[in-house]
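What follows is the residue order along each chain.
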Amino acid sequence: MELAKAYVQIIPSAKGIGNGISQSIGDEADNAGAQAGKSIASKIKNAIIAAGIGKALTSIISSAITEGGALEQSIGGIETMYKESAERMKQYASEAYKSAGISANAYMEQATSFGATLLQSLGGNTEAAADYANRAIIDMSDNANKMGTDMEMIQNAYQGFAKQNYTMLDNLKLGYGGTKEEMQRLIRDASMMKDVQDKLNISVNEGDLSFGNIINAISVMQENLDITGTTALEASSTIEGSFNSMKAA
């Protein structure tokens, strides 16, 4: 699997680098003995630097193994939840570093966490669920990026919506309070924005509190407020955005 190649391939590469460093340290020790008078200080310094790099590489290898195990578990969750559309979700996940500013692993964990409720609201349509989940996660990131809200707070809000808990709707800072009545108002307002619905090629049904319809309503509202697409734009046009995208990748 493409998503798993990184942590599989990093191990032999890192070991090779580590072996090279070990050999370098050994060579430095031999040379120090022969040229102690004029270069021992610099040799010791170089050895310390090399040892530091070796320690850093060990940390990188350990992190890669840990992340790889989590990634493997996340892939299993995606395959279980989204079934025949799992490959579609993996492709979305592989692009999450630039579309949502998060790692593939974080993306798949989030998509799996509310997948069951989303599938239920969409009549078990896995292809539609994959597209809705992808848009929801990008909407979360765009909201956090534009409004300055902590991503975890927004994720918690969506988790609540999936369970018919609307108390954290105000976390999104869209002008709606944390009540069922305010969620109904958001859906009603979004349902009247037909031009925005057409632009996004989605529909919002007034009075429908299903999770899928909530996702659509939030998408319409964020598009109307020029929130949509801010994460991808920042990733491609600012230094901070590019750095965050690199970290996620």
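(A) Expanded view of the nonpolar core. Ranked by internal contacts, the top residues of the largest apolar core, which has 56 residues, are Tyr82, Met89, Tyr107, Phe114, Tyr158, Phe161 and Leu172. Going through the elements one at a time, helix H2 (36–82), helix H3 (86–94), helix H5 (104–113), helix H6 (115–121), helix H7 (126–147), helix H8 (151–162), helix H9 (180–191) and helix H11 (211–224) are the ones with two or more residues in this core. Counting residues per element, this core draws most heavily on H7, at 9 residues. Once you skip the residues sitting within four places of it in the chain, Phe161 turns out to touch Tyr166, Met168, Leu169, Leu172, Met183, Phe211, Ile214 and Ile218.

(B) View of the pattern of salt bridges. Inspection of every chain in the model, using the stated rule, returns 7 salt bridges. Across the salt bridge formed by Glu127 and Arg88, the nearest N and O atoms sit 3.6 Å from each other. Of the two residues, Glu127 is situated in helix H7 and Arg88 in helix H3; the sequence distance between them amounts to 39 residues. By relative accessible area, Glu127 is classed as partly exposed at 42%. Residue Arg185 is joined to Asp189 by a salt bridge in which the shortest nitrogen-to-oxygen separation is 3.9 Å. Here Arg185 and its partner Asp189 are both found in helix H9, 4 residues apart, which amounts to about one turn of the helix. By relative accessible area, which is 27% here, Arg185 ends up partly exposed. A network of salt bridges, in which partner residues are shared, links Glu79, Glu87 and Lys90.

About the cut-offs
Residues numbered from 1 in each chain as written. Predicted model: local features only at pLDDT ≥ 70, side-chain atom pairs only at ≥ 80, totals over all residues. Heavy atoms only, no water. Core = buried A, V, L, I, M, F, W, Y, C linked by side-chain atoms within 4.5 Å. Buried < 20%, exposed > 50% of the residue type's maximum accessible area, 1.4 Å probe, protein only. Helix = DSSP H or I, 4+ residues; strand = E, 2+ residues; numbered from the N terminus. Contact = heavy atoms within 4.5 Å. Salt bridge = Lys/Arg side-chain N within 4 Å of Asp/Glu carboxyl O.

No statement about biological role is implied by the geometric values presented.
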